[in-house]
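One-letter residues, chain by chain:
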Amino acid sequence: MMADSLTPTFAALADPTRRAILERLALGEASVTELARPFKMSMPAISKHLKVLERALLIARGREAQWRPCRIETAPLKDVADWVEHYREMWEERLDRLDDYLRVLKKEQEKELKNKEKKHGRKRK
């Protein structure tokens with residue numbers, strides 16, 4: 001079930017403008033106007049980005065009189081972090097096993113080289 005919630009989160013995070021909006025919201029609530037300020041795009045374009053973030057549950061919009069602040073919602077980001085962590089751990093375990101295997105191979109090669117040198121009466125440098 002978690003994989004289904006990851007799809008809209010990854011889709012939302014795929015856009016650099018939306019990531020920048022989330023970075024700004026990580027500092028605290030902001031209005032749509034404040035969020036739009038650093039971008040060279042129309043308010044409708046910013047609104048579309050915000051809708052994508054809202055559908056992915058990455059932001060929530062409130063209402064305080066005339067002000068409609070946006071705020072970041074961290075639960076979907078935690079789900080992404082947990083998913084990535086699972087695979088990071090898996091790959092670390094696989095790489096550790098590969099490292100162990102390569103050490104065994106190296107020892108076997110060194111042993112074979114020593115045996116060949118003994119057999120032919122040469123000394124290893």
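Parameters and conventions
Residues numbered from 1 in each chain as written. Predicted model: local features only at pLDDT ≥ 70, side-chain atom pairs only at ≥ 80, totals over all residues. Heavy atoms only, no water. Phe/Tyr/Trp six-rings, centres within 6.5 Å; stacked < 30°, edge-to-face > 60°. Helix = DSSP H or I, 4+ residues; strand = E, 2+ residues; numbered from the N terminus. Buried < 20%, exposed > 50% of the residue type's maximum accessible area, 1.4 Å probe, protein only. Lys NZ or Arg CZ within 6 Å of the ring centre and 35° of its normal. Contact = heavy atoms within 4.5 Å. Salt bridge = Lys/Arg side-chain N within 4 Å of Asp/Glu carboxyl O.

Before going further, it helps to spend a moment on the packing of aromatic side chains. Per the counting criterion, the structure on display carries two aromatic pairs. Note on Trp83 and Tyr87: the rings are 4.9 Å apart at their centroids and 55° apart in plane angle, and the pair reads as tilted. Of this pair, Trp83 and Tyr87 both sit in helix H5 (residues 75-120), four residues apart, which is roughly one turn of the helix. Trp83 sits in the partly exposed class, given a relative accessible area of 34%. On the accessibility criterion, Tyr87 (34% relative accessible area) is partly exposed. Feature note: the residues Phe10, Trp83 and Tyr87 constitute an aromatic cluster, connected by ring pairs. Above the face of the Trp91 ring, Arg94 is positioned so that its terminal group lies 5.0 Å from the ring centre.

A few words now on the environment of Pro8. Within the secondary structure, Pro8 sits in helix H1 (residues 2-13). When the C-alpha atoms of Pro8 and Val52 are compared, they prove to be 8.3 Å apart, with 44 residues separating the residues in sequence.

Turning our eyes to something else, we now look at the environment of Arg18. Tracing the backbone shows Arg18 in helix H2 (residues 16-25). Looking at Arg18, the relative accessible area reads 12%, which means it is buried. Between the C-alpha atom of Arg18 and that of His86, which follows or precedes it by 68 residues, the distance is 25 Å. If we ignore the near neighbours within four places in the chain, the residues touching Arg18 are Ala11, Ala12, His49, Val52 and Leu53.

One pass over the structure, following the stated rule, counts seven salt bridges. Note that Asp82 is salt-bridged to Lys78, the shortest N-O span being 2.8 Å. Of this pair, Asp82 and Lys78 both sit in helix H5, separated by four residues, roughly a single helical turn. Across the pair Asp100 and Arg103 runs a salt bridge whose closest N-O atoms are separated by 2.9 Å. Highlighted residues: Asp100 and Arg103, both in helix H5, separated by three residues, approximately one helical turn. The partly exposed category is assigned to Asp100, whose relative accessible area is 42%. Taking the relative accessible area as the measure of exposure, Arg103 reaches 46% and is therefore partly exposed. Bridged by salt links that share partners, the residues Glu85, Arg88 and Glu92 form one connected network.

A few words now on unusual backbone geometry. Glycine aside, residues mostly have negative phi angles, and peptide bonds mostly take the trans form. Of note in the backbone geometry, Leu57 takes a positive phi value of approximately 65° without being a glycine. The residue Leu57 is located in the loop between helix H4 (43-55) and strand E1 (59-61) in this model. Look at Leu57 and you get exposed, because its relative accessible area is 58%.

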